[in-house]
Amino acid sequence: MSPPLVTAVVVNWNGADVLPECLESLFAQTWPRLEVILVDNGSQDGSARAAAARWGPRLAVIENAGNEGFARGNNQALQVARGEWVFLLNNDAVADPGAVEALMAAARQRPEAGMLACRVVNYDQPHYFDSVGLLFYPDGVCRSRGWEEKDLGQYDRAEAVLCPNGCAAAYRRDMLDEVGHFDESYFAYLEDLDLGLRAQLRGWGCWYVPEARVRHRKSFTAGTHSRLKAYLVERNRIWTAVKVLPPFLLLVSPLFTANRYLLQAYAAITRQGLAGKFARQFTFLGVVGVLLKAYLAAIPGLPRALRERRRLREAMRLDTRACYDLISRYKLDAIELALK
């Protein structure tokens with residue numbers, strides 16, 4: 001049998017400083033059947049034109065007039081992708097030559113897996129992890145598993161995880177056809193969690209592949225502590241909670257949020273974790289303003305989120321107990337979320 005075709009997708013926005021190395025890593029893959037699609041979100045730095053000129057017909061380019069976001073950009077590529085698997089790679093990430101081959105070896109061994117997570121490490125400090133899958137906090141937010149941990153061999157073993165980080169993730173076409181694509185209303189952030197949870201509830205698993213190595217420049221486009229990122233994460237996690245949480249957990253999720261806010265406030269005061277770094281750049285009123293803006297923006301999307309919740313619950317294959325087991329297995333601790 002011939003090896004399956006894999007479609008690699010890169011969404012780009014003004015990535016002139018990073019895109020060439022990203023694409024070079026894809027065209028250097030050892031996997032024999034790979035098509036590469038670049039979706040450019042209205043870049044003004046000539047990065048897409050330079051890529052098209054360099055790679056010619058080997059690179060398919062979709063050009064948008066403006067920034068359509070990560071979710072819609074990937075969905076545009078998924079509409080034309082021909083591969084049995086789709087490999088998403090951020091424009092600020094670089095895949096080792098054997099990454100796709102390692103993913104496809106795992107895919108052959110795991111027919112129940114609809115998603116595959118890569119071993120993503122820090123670009124400048126590759127002995128520190130960036131992501132080996134995602135962990136879930138029960139109010140709809142997430143964080144990368146293994147984030148900022150030193151590599152001591154703790155993630156050398158292949159294993160089941162919740163879902164991949166969208167910066168370097170592989171998705172089976174059959175799974176996408178059944179579950180659907182990214183939620184474009186998210187624009188960016190947590191759309192990978194939303195898709196992964198919807199897939200899990202439909203019975204599709206995710207497998208972590210440690211041999212699929214990727215180096216990543218964290219938050220190169222939006223910035224690690226930007227207002228935009230904080231706003232999008234807080235808004236999108238509300239929609240995710242409404243769509244996927246079991247009924248009782250959805251009812252009590254505001255308590256988890258309150259606990260998270262208290263711990264993040266402590267982290268901000270003591271200058272620990274991401275909240276502490278965020279507090280160095282923004283005032284208390286600035287943080288409150290971001291939260292209020294996120295809540296106000298989430299409200300108009302709640303009817304749509306509730307409709308999607310009903311559709312998902314009609315089609316889901318996990319019972320309520322299995323849902324709670326799934327969340328418990330991959331639960332993110334609030335202290336780690338706030339202080340790490």
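Description of the structure in this document. (Residues numbered from 1 in each chain as written. Predicted model: local features only at pLDDT ≥ 70, side-chain atom pairs only at ≥ 80, totals over all residues. Heavy atoms only, no water.)

1. Structural notes on the overall build of the protein
Step number 1: If you tally the helices and strands in the protein, you get 13 helices and twelve strands.
Step number 2: Its C-alpha atoms give the protein a radius of gyration of 19 Å, within 12% of the compact-globule value 20 Å for 340 residues.
Step number 3: Structurally, the protein occupies a C-alpha span of about 50 × 45 × 45 Å along its principal axes.
Step number 4: In the protein, buried positions account for 56% of the 340 residues.
Step number 5: The contacts of the protein with a sequence gap of at least 6 include a subset with a gap of at least 24, amounting to 79%.
Step number 6: Roughly 14,800 Å² of accessible area belongs to the protein as shown, and the carbon and sulfur atoms make up 56% of that amount.
Step number 7: Side chains of the protein carry 42 positive and 37 negative charges; the gap between the two charge centres is 4 Å. (Helix = DSSP H or I, 4+ residues; strand = E, 2+ residues; numbered from the N terminus. Rg over C-alpha atoms; globule rule 2.2 N^0.38 Å. Buried < 20%, exposed > 50% of the residue type's maximum accessible area, 1.4 Å probe, protein only. Contact = heavy atoms within 4.5 Å. Areas by Shrake-Rupley, 256 points an atom, 1.4 Å probe, with all protein chains shown as cover. Lys, Arg positive; Asp, Glu negative; His and termini not counted. Charge placed at Lys NZ, Arg CZ, Asp CG, Glu CD.)

2. A look at the packing of aromatic side chains
Aromatic ring pairs: the centre-centre distance and the angle between the two ring planes describe each pair.
Step number 1: Per the counting criterion, the structure on display carries six aromatic pairs.
Step number 2: Both rings, one in Y186 and one in W239, keep their centres 5.9 Å apart while their planes meet at 50 degrees; by these two values the pair is tilted. A residue pair is termed long-range when its members are at least 10 positions apart, and Y186 in the loop between α5 (173–179) and α6 (191–201) and W239 in helix α7 (residues 227–244) qualify at 53 residues.
Step number 3: Relative accessible area serves as the criterion here: at 0%, Y186 is assigned to the buried category.
Step number 4: For W239, a relative accessible area of 5% translates into the label buried.
Step number 5: Against the face of W239 rests R304, its NZ or CZ located 5.0 Å from the ring centre. (Phe/Tyr/Trp six-rings, centres within 6.5 Å; stacked < 30°, edge-to-face > 60°. Lys NZ or Arg CZ within 6 Å of the ring centre and 35° of its normal.)

3. Describing the packing of helix α1 (residues 19–27) against helix α2 (residues 47–55)
Step number 1: The N-to-C vectors of α1 and α2 enclose an angle of 35 degrees; their axes lie 10 Å apart at closest approach. Crossing hand, α1 versus α2: right-handed. The segment α1 lies against α2, with L19, P20, L23, E24 and F27 engaging S47, A51, R54 and W55. (Axes fitted to C-alpha atoms, helices over the stretch in contact; angles between N-to-C directions. Left-handed = near helix turned anticlockwise from the far one by under 90°.)

4. Side note on α7
Within an α-helix, residues lying three or four positions from one another point in the same direction, as the helix has 3.6 residues per turn.
Step number 1: Counted at 1.5 Å a residue, the expected span for α7 with its 18 residues is 26 Å, and the 26 Å between its end C-alpha atoms agrees.
Step number 2: With 15 of 18 residues buried, α7 is to be regarded as a mostly interior element. (Expected span 1.5 Å × (residues − 1).)

5. Quick notes on the side chain of Q200
Step number 1: Within the element layout of this structure, Q200 appears in helix α6.
Step number 2: Residue contacts for Q200: discarding those within four places in its chain leaves M115, V161, L162, G205, C206, L318 and L326.

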